Amino acid sequence: MSRPLGLPVVRSSAFVFANAHDYAEVLGGQVAGYAYSRIDNPTATTFAMAVAALEAPGLADVGAEPFASGMAAVSATLLGHLMADDEVIGPANCYGGTWSLFTRWLPRWGIRPLLVDLTDLAAVQAAVTPSTRMIYAETIANPTLSVPDLAALAEIAHRAQSRLVVDSTFATPVICRPLEHGADVVLHSATKFLGGHADATGGVVVGRREHLGPVRDARIDLGGCLAPDEAFLLHRGLETLALRVRQQSATAAVLAAKLAGHPAVARVRYPGLPSHPQHGIASWLFRDGLFGSLITMDIRGGREAAMAFCDGLRAVRIASSLGSVHSKVSHAASTTHRQLDDAALAAAGIAPGQVRLSVGVEDPEDLLADLRQALDVT
Ligand SMILES: Cc1ncc(COP(=O)(O)O)c(C=O)c1O
């Protein structure tokens, strides 16, 4: 007997049953199986369960739900767990799409977001009310790279009979496993590191079954299901995830240290630098001495100088997204965080000259030379 080594792509939206009774039982959930790909698809399920195995290797009763994108995962998690008159404590600095969901959409449905600096535990505690149902954090925040104390946030959330949800896109399970630090649900934009090659869009949510049920229901009813071809690419990406993340993090650590002293750079933020405000937290929260492959830099001279720096790069590409094998740069205020006005940018700690560097797998010396030549002409 043999079976395929590669993951089979089940490119079918519908499934055939031997009889009407079997069909009813699978749809009704009495028997495990596949009925319709918006509900479950074998390729998508295999991808999600592979992420669960990475996020929660020793934990029992953990499941995972695959999504069409990171934002589909975020929105189904929020809408599955929250209802009108609930409050959610979220980060004042986070991915712009998530920030937009918090500030623009949740209030329309009567859900009150309280956005605070999650590294300030007193502020988080002060934001808790009897209506708090969720604390929502990013392991490494987009784009300021702040690192909240997940164990302390879990304690505050659980004391308030609410849940801690963590977007761990920037960390990946290679660097941090939030469920091991008390989080109830962890989610990813799989578009980034999990896929790793900038050729597939997806999301995934992992958690204990009790916390996953509402997320699954929201996914099915809101329709953000992962397509089987995308699931294949994302699953293939997982096979090299640890190799890529280790190499990318090692290169980023070298670049961050070298760039910190450059006269054209006002500030470098990287969780691995002792100057990072949460370096101590990152040192125990993160695994194997890895601190990720995202670096932010405040370029002296503000917005114009930051854009000129981006334009001067050759090996590092001006490109959307992050976490792939390619090194990329983006200017936060005009791209990923364009939804924030000046006041919100300042509140989120995003300087006008801030650029985000996503370090890929290219030769570290080539990257350093490229960054230096672009900084020299700003
Ligand atoms: C931290 C984080 N979460 C969620 C998302 C949304 O993911 P997607 O673009 O796959 O919807 C992003 C996208 O950049 C992100 O950076």
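As a reminder, the structure under discussion sits directly above these lines.
My aim in this report is to walk through the structure given alongside it, one point at a time.

## A short note on the site of the ligand
Next, step 1: The full set close to the ligand counts 13 residues, and Met 71, Asp 167, Ser 189, Thr 191 and Lys 192 are the nearest of them.
Next, step 2: One nitrogen or oxygen atom from the side chain of Ser 189 is found 2.8 Å from an oxygen atom belonging to the ligand.
Next, step 3: Thr 191 is positioned with one of its side-chain polar atoms (N or O) 2.7 Å from an oxygen atom of the ligand.
Next, step 4: Expressed as a share of its isolated accessible area of 390 Å², the protein-covered part of the ligand is 89%.
Next, step 5: Assessed atom by atom at 2 Å from the grid points, the ligand resides in the largest pocket.
Next, step 6: For the shell around the ligand, the residue count by class is three nonpolar, seven polar and three charged.

## Thoughts on the layout of surface pockets
Next, step 1: Here the largest pocket is characterised by a volume of approximately 600 Å³.
Next, step 2: Around the largest pocket, the lining comprises 35 residues; the ones closest to its centre are Tyr 95, Asn 142, Lys 192, Ser 321 and Thr 336.
Next, step 3: Listing elements by their share of the lining of the largest pocket, those giving two or more residues are helix H3 (70–81), strand S6 (185–189), helix H12 (302–312) and strand S11 (328–331).
Next, step 4: Partitioning the lining of the largest pocket into residue classes produces 12 nonpolar, 17 polar and six charged.
Next, step 5: Each of domain 1 (20–238) and domain 2 (241–376) accounts for three or more of the residues forming the lining of the largest pocket.
Next, step 6: Of the volumes computed, that of the second largest pocket is approximately 380 Å³.
Next, step 7: What lines the second largest pocket is a set of 21 residues, and nearest its centre among them are Gly 33, Asp 40, Glu 65, Arg 209 and Arg 216.
Next, step 8: Looking at the lining of the second largest pocket, the elements with two or more residues in it are helix H1 (20–28), helix H2 (42–55), strand S1 (62–67) and helix H8 (209–222).

## Concerning the sheet that holds S11
Next, step 1: In spatial order, the strands read S8-S9-S12-S11-S10; together these five strands make up an open sheet with mixed pairing. Each end of this open sheet is capped by a strand with a single partner; those strands are strand S8 (265–269) and strand S10 (317–318).
Next, step 2: As paired elements, strand S9 (residues 294–299) and strand S12 (residues 354–358) share five bridges and run antiparallel to each other. Note on S12: the bridge partner recorded for Asp 298 is Gln 354.
Next, step 3: The sheet contacts of helix H10 (residues 241–259) involve S8, S9 and S12, and relative to S9 the element is tilted by about 15 degrees.

## Considerations on the pairing of S11
One face of the sheet, then the other: side chains in a regular strand alternate in exactly this way.
Next, step 1: The alternating pattern of S11 places Lys 328 and Ser 330 and Val 329 and His 331 on opposite faces, both of which are buried.
Next, step 2: Alignment of S10 against S11, held across two bridges, turns out to be parallel. Paired with Arg 317 across the strands is Lys 328, a residue of S11.
Next, step 3: Where S11 meets S12, four bridges bridge the pair, whose relative direction is antiparallel. When the sheet's bridge partners are listed, Val 329 is paired in S12 with Leu 357.

## With respect to the pattern of salt bridges
Next, step 1: Scanning the model with the defined rule gives 12 salt bridges in all.
Next, step 2: Its salt-bridge partner being Asp 40, residue Arg 219 comes within 3.6 Å of it at the nearest N-O pair. You can see Arg 219 sitting in helix H8 and its partner Asp 40 sitting in the loop between H1 and H2, a full 179 residues away along the chain. Comparing Arg 219 with Asp 40 shows no difference in burial state: the two are buried.
Next, step 3: Arg 246 is the partner of Asp 288 in a salt bridge, and the nearest nitrogen-oxygen pair spans 3.1 Å. With Asp 288 in the loop between helix H11 (279–285) and S9 and Arg 246 in helix H10, the pair connects residues that are 42 residues apart, well separated along the chain.

## What about the pairing of strand S3 (residues 112–116)?
Next, step 1: Relative to S3, strand S2 (residues 87–91) runs parallel, the two being bridged by five bridges. Its bridge partner lying in S3, Gly 90 is registered against Leu 115.
Next, step 2: Handedness of the S2-helix H4 (residues 96–105)-S3 crossover: right-handed.

## Describing the packing of H2 against helix H9 (residues 228–238)
Next, step 1: Across the interface, H2 lies against H9 with an axial gap of 8 Å and an inter-helix angle of 30 degrees. Relative to H9, H2 is oriented roughly parallel. Regarding H2 and H9, the two cross each other, and that crossing is left-handed. In this structure, H2 uses Thr 43, Ala 44, Thr 46, Phe 47, Ala 50, Val 51 and Leu 54 to contact H9, whose residues at the interface are Pro 228, Ala 231, Phe 232, Leu 234, His 235 and Leu 238.
Next, step 2: Looking at the contact of H2 with H9 residue by residue, the class counts come to 10 nonpolar, three polar and no charged.

What counts and what doesn't
- Counting restarts for each chain: residues are numbered from 1 in the order of the written sequence.
- Whole-chain, interface and lining totals are the exception, using all residues; otherwise, since this is a predicted model, local features are given only for residues with pLDDT of at least 70 and side-chain atom pairs are given and counted only at 80 or more.
- Side-chain numbers here rest on the full set of heavy atoms in the structure, without hydrogens or water.
- For this description, a residue counts as near a given molecule or strand if any of its non-hydrogen atoms is within 4 Å of it.
- In protein, a polar contact means a hydrogen-donor-capable atom and an acceptor-capable atom, both N or O and within 3.5 Å, with residues adjacent in sequence counting only if both atoms are side-chain atoms; elsewhere, any N or O pair within 3.5 Å suffices.
- We get accessible surface area from the Shrake-Rupley algorithm with a probe of 1.4 Å; when it comes to residues, only the shown protein chains can shield them.
- The pocket and cavity definitions rest on a 1 Å grid over protein atoms only: a 1.4 Å probe that fits but cannot leave marks a cavity, an open set with protein on both sides within 12 Å along at least five of seven lines marks a pocket, and residues lining either have an atom within 4 Å of a point.
- What decides whether a molecule sits in a cavity or pocket is whether more than half of its atoms lie within 2 Å of the grid points.
- When residue character is reported, Ala, Val, Leu, Ile, Met, Phe, Trp, Tyr, Cys and Pro are called nonpolar, Asp, Glu, Lys and Arg charged, and the others, Gly included, polar.
- Grid points are joined across faces, edges and corners, and a volume is the space filled by probe spheres set on the points.
- Counting from the N terminus, the helices are the DSSP runs of H or I reaching at least four residues and the strands are the DSSP runs of E reaching at least two.
- Residue ranges for the domains trace back to a domain assignment, done automatically or taken from a database.
- For two strands to pair, DSSP has to find at least two bridges joining them.
- Two residues form a contact once any of their heavy atoms are found within 4.5 Å.
- Here, axes are lines fitted to C-alpha atoms. For helices the fit covers the stretch in contact, and angles between N-to-C directions go from 0 to 180 degrees.
- Using a 1.4 Å probe on the protein chains alone, a residue whose accessible area is under 20% of its type maximum counts as buried, one over 50% counts as exposed, and one in between counts as partly exposed.
- What makes a salt bridge here is a side-chain nitrogen of Lys or Arg within 4 Å of a carboxyl oxygen of Asp or Glu, nothing more.
- We call a crossover right-handed when, viewed with both strands directed away from the observer, the connection leading from the first strand over the helix to the second proceeds clockwise.
- Throughout this description, any angle smaller than 35 degrees is read as roughly parallel, any larger than 145 degrees as roughly antiparallel, any in the 65 to 115 degree range as roughly perpendicular, and the remainder as oblique.
- Crossing handedness is read from the near helix: turned anticlockwise from the far helix by less than a right angle, it gives a left-handed crossing, and turned clockwise, a right-handed one.

Function-wise, these values are silent; they only describe arrangement.
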